[in-house]
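Remarks on the overall topology
One letter stands for each residue in the lines below.
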Amino acid sequence: MALRHVRYVFFTAAVLPLSVQAQQQPAQDAVCIAHGGAGGYAPFSSMSSFTLALSMKPDYIETDLQLSKDGVLVCIHDLSLEDQTDVEDLYPNRYTNVERNGQTLKRWYVNDFTLAELKALDSGSWFDPKFKGEPLATFQELIDLAKGKVGLYPETKDPDFYAARGLDINEALHELLKKNGLDTREGQKTTPVIIQSFYEQSLKRLRELGGDNYTLIQLVWFDQWNDCMTDKGLDRVATYANGVGPFLSMVLPPNESRIYEAHKRGLKVHVWKAHEAFPPARFPNRKSYMKYLLDDLHVDGIFTDRPDEFPAVEPAATSASRDEKSRT
Ligand code: G3P
Ligand code: CA
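Residues numbered from 1 in each chain as written. Chains lettered and ligands numbered in written order. Predicted model: local features only at pLDDT ≥ 70, side-chain atom pairs only at ≥ 80, totals over all residues. Heavy atoms only, no water.

Structural notes on the pattern of salt bridges
- Applying the stated criterion across every chain yields a total of 20 salt bridges.
- Here Arg207 ties to Asp212 by a salt bridge, and the two come within 3.9 Å at their closest N and O atoms.
- Residue Glu309 pairs with Arg286 through a salt bridge whose shortest N-O separation is 2.6 Å. Here Glu309 is found in the loop between β12 (301-304) and α14 (319-326), whereas its partner Arg286 is found in helix α13 (residues 286-295), with 23 residues between them in sequence.
- Members of the salt-bridge network, linked through shared partners, are Asp168, Glu171, Arg205 and Glu208. (Salt bridge = Lys/Arg side-chain N within 4 Å of Asp/Glu carboxyl O. Helix = DSSP H or I, 4+ residues; strand = E, 2+ residues; numbered from the N terminus.)

In structure tokens:
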């Protein structure tokens, strides 16, 4: 893994109370997680975005995953296609009516289309007309791009939806990783794999399928605070996962003790995303803000749509010089 991301925390002593220092563990391998690839510059989770991200040398490339009708893992955030593709034009009658809050909504579910049908969609124009015609990417295509060069950080989306259809998106992910030799720690030597999900059951299923071979991150939204971020919640998460992935605002002061409490339990803390809550006035740019998250709050990883802005830290840097740099 990139040495440039090795963190040193010598100056902690100057800024944190003793009680907190005692709980703190140095994050020696903080990671840059390219969110949807370079999602700030190209259509989220597209091959254009992944390819650009790779050139920015992150530690991991992140993608959301959905499952096609013919069982192919596709890189797309939403369960349905209407927001990011021209599905309504291409397949006007292939929708499902969904009742929500007294309204009937039309939904074109990814899972109702074969890969060949999905590949015919334009999933680039929503981002910028210059990406018109960009096809949806498969997870296999991302693996082919990334293998041996960068880690993979897939997210199992909507496992409950798939389970209700008799499908197991967790198993589909495990089988694909296995097919690519990425289901063992040995196989992951040059392509480490971290799997994330908001769904506890998904992570537990992956533990069942892959044993300890996958590093698992429990994503956390505000309504999961009690289950995942309180002392008791963190105790619980530590029984089935290797870390938590809270929305950034959830662990900013005055809640930074959650990071220290996670570390005490051996859990990593990967926050998303760097541009959320960005940036308090004292930080001139995203890079200095990320330095603060890493150096002062000691998060272990940051999901960012702009991996080129992830702060590089020279291993030899002293606490004072880094502190100086991060404030200029
Ligand atoms: O995977 C981190 C973050 O992307 C989780 O939220 O909804 O953007 O996938 P979401
Ligand atoms: Ca995601």
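Here we look at the coordination of the calcium ion (ligand 2)
- Bound to the calcium ion (ligand 2) on the protein side are Glu62 (OE), Asp64 (OD) and Glu155 (OE), at distances that span 2.2 to 2.3 Å.
- Taken in sequence order, the residues that donate to the calcium ion (ligand 2) follow the motif E-x1-D-x90-E. Of this pair, Asp64 sits in strand β2 (residues 60-67) while Glu155 is found in strand β7 (residues 151-156), placing the two residues 91 residues apart along the sequence.
- Of the residues examined, Asp64 reaches a relative accessible area of 1% and is grouped as buried.
- On the basis of relative accessible area, Glu155 is assigned to the buried category, the value being 4%. (Donors = N, O, S within 2.8 Å, 3.2 Å for Na, K, Ca; no water. Buried < 20%, exposed > 50% of the residue type's maximum accessible area, 1.4 Å probe, protein only.)

Here's the deal with the site of ligand 1
- The environment of ligand 1 is formed by His35, Glu62, Asp64, His77, Glu155, Lys157, Gln196, Phe198, Leu219, Trp272 and Phe303.
- Side-chain polar atom of Glu155 to an oxygen atom of ligand 1: 3.0 Å apart, as the coordinates give it.
- Considering only residue class, the shell around ligand 1 consists of four nonpolar, three polar and four charged. (Near = heavy atom within 4 Å. Polar contact = N/O pair within 3.5 Å; in protein donor to acceptor, adjacent residues only side chain to side chain. Nonpolar A, V, L, I, M, F, W, Y, C, P; charged D, E, K, R; others polar.)

Quick word on the packing of helix α6 (residues 139-146) against helix α8 (residues 169-179)
- Two numbers describe how α6 lies on α8: the axes approach to 11 Å, and their chain directions differ by 35°. For the pair α6 and α8, the sense of crossing is right-handed. Packed against α6, whose contacting residues are Phe139, Gln140 and Ile143, the element α8 presents Leu173, Leu176 and Leu177 at the interface.
- Among the residues forming the contact of α6 with α8, the class breakdown is five nonpolar, one polar and no charged. (Axes fitted to C-alpha atoms, helices over the stretch in contact; angles between N-to-C directions. Left-handed = near helix turned anticlockwise from the far one by under 90°. Contact = heavy atoms within 4.5 Å.)

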